[in-house]
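# Analysis of the macromolecular model
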Amino acid sequence: MNLPNKLTVLRLIMVPVFFLAYSLPGWFGEGTRTVSIILMLICYLTAELSDLLDGKIARKYKMVTDLGKVMDPFADTLSHLTFFVCFFGSGIMPGIAFIIIMWREFSILFLRMLMMGKGKAVAANIWGKSKTVLYAVTSILSIIFLVAGHFWPGSWTATYSVVLNVFFYLAAVASLMSFMTYAVAIIKSKALSGMTR
């Protein structure tokens, strides 16, 4: 296994550890909240750094593999959904935005499996790229909110929460639009027209 794929595996390991860190106060009481927040921050930064590095290294040194092509988007989906589950559970992510994003991620995964079965790739589009950026922005803002809100609570959290909600809804809209664009493109291409039913 090459270095980029090892970094992706590291990200896959950090994701459940992030969830375990998030769950500590629920299991052992509020006394573990500080440890929980610090561990969540470490896991999040490690996961995001590995995500940033694996693609750059793979492309720069021509280390792109078939395993990496499958594992990287899987790690992206797993990490984003895990983060959003925790943000929703913390009360900082609107339920509607969470549901839309969750449905989109599972639906696009299904479409990708169908297209892979036909030996075709799902092309990226502007909404998909916007979704990726907004996922990253909302995750960063949420981590900042959780960390800063724990160590420096104050009236600023109310305003910050409103801004955070706006970004979550924007991410949900971009997520939905990217799925619709993928679906329309696949229908128009008739790539799945020969599939037995």
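Report follows, based on the coordinates. (Residues numbered from 1 in each chain as written. Predicted model: local features only at pLDDT ≥ 70, side-chain atom pairs only at ≥ 80, totals over all residues. Heavy atoms only, no water.)

### Overview of the overall build of the protein
Inclusion rule: Each helix corresponds to a stretch of at least 4 residues labelled H or I by DSSP, and each strand to a stretch of at least 2 residues labelled E; elements are numbered beginning at the N terminus. For the radius of gyration, the atom set is restricted to C-alpha positions; the globular benchmark scales as 2.2 Å times the number of residues to the power 0.38. Burial here depends on accessible area, computed with a 1.4 Å probe over protein chains only, as a share of the maximum for the residue type. Under 20% is buried, over 50% is exposed, and the range in between is partly exposed. Here a residue-residue contact requires only that any non-hydrogen atoms of the pair lie within 4.5 Å. For accessible areas, the Shrake-Rupley method is used with a probe of radius 1.4 Å. Any residue's cover is judged against the shown protein chains and nothing else.
Within the protein, the secondary structure is distributed over six helices and zero strands. Relative to the globule expectation of 16 Å for 197 residues, the C-alpha radius of gyration of the protein, 18 Å, shows essentially globular dimensions. For the C-alpha atoms alone, the extent of the protein along its principal axes is close to 60 × 35 × 30 Å. In the protein, which comprises 197 residues, the share counted as buried stands at 39%. Contacts spanning at least 24 positions in sequence make up 79% of the contacts within the protein whose residues lie at least 6 apart. Total accessible area on the protein is roughly 11,100 Å²; 73% of this is exposed by carbon and sulfur atoms.

### Some points on the nonpolar core
Burial of nonpolar side chains together is a common tendency in soluble globular proteins. Put simply, the rule is: For our purposes a nonpolar core is just a set of buried Ala, Val, Leu, Ile, Met, Phe, Trp, Tyr and Cys residues, chained together by side-chain atoms within 4.5 Å.
Ranked by size, the top nonpolar core spans 31 residues in total, and within it F18, F84, F87, M93, I101 and F168 carry the most contacts. The biggest single contributor to this core is helix α5 (residues 126-151), with seven residues. Each residue touching F18, except ones within four places of it in the same chain, is listed here: M40, C43, Y44, F83, C86, F87 and I143. L111, I186, A191 and L192 belong to the second largest nonpolar core, which has nine residues in total.

Shape is all these values report; function is a separate question.
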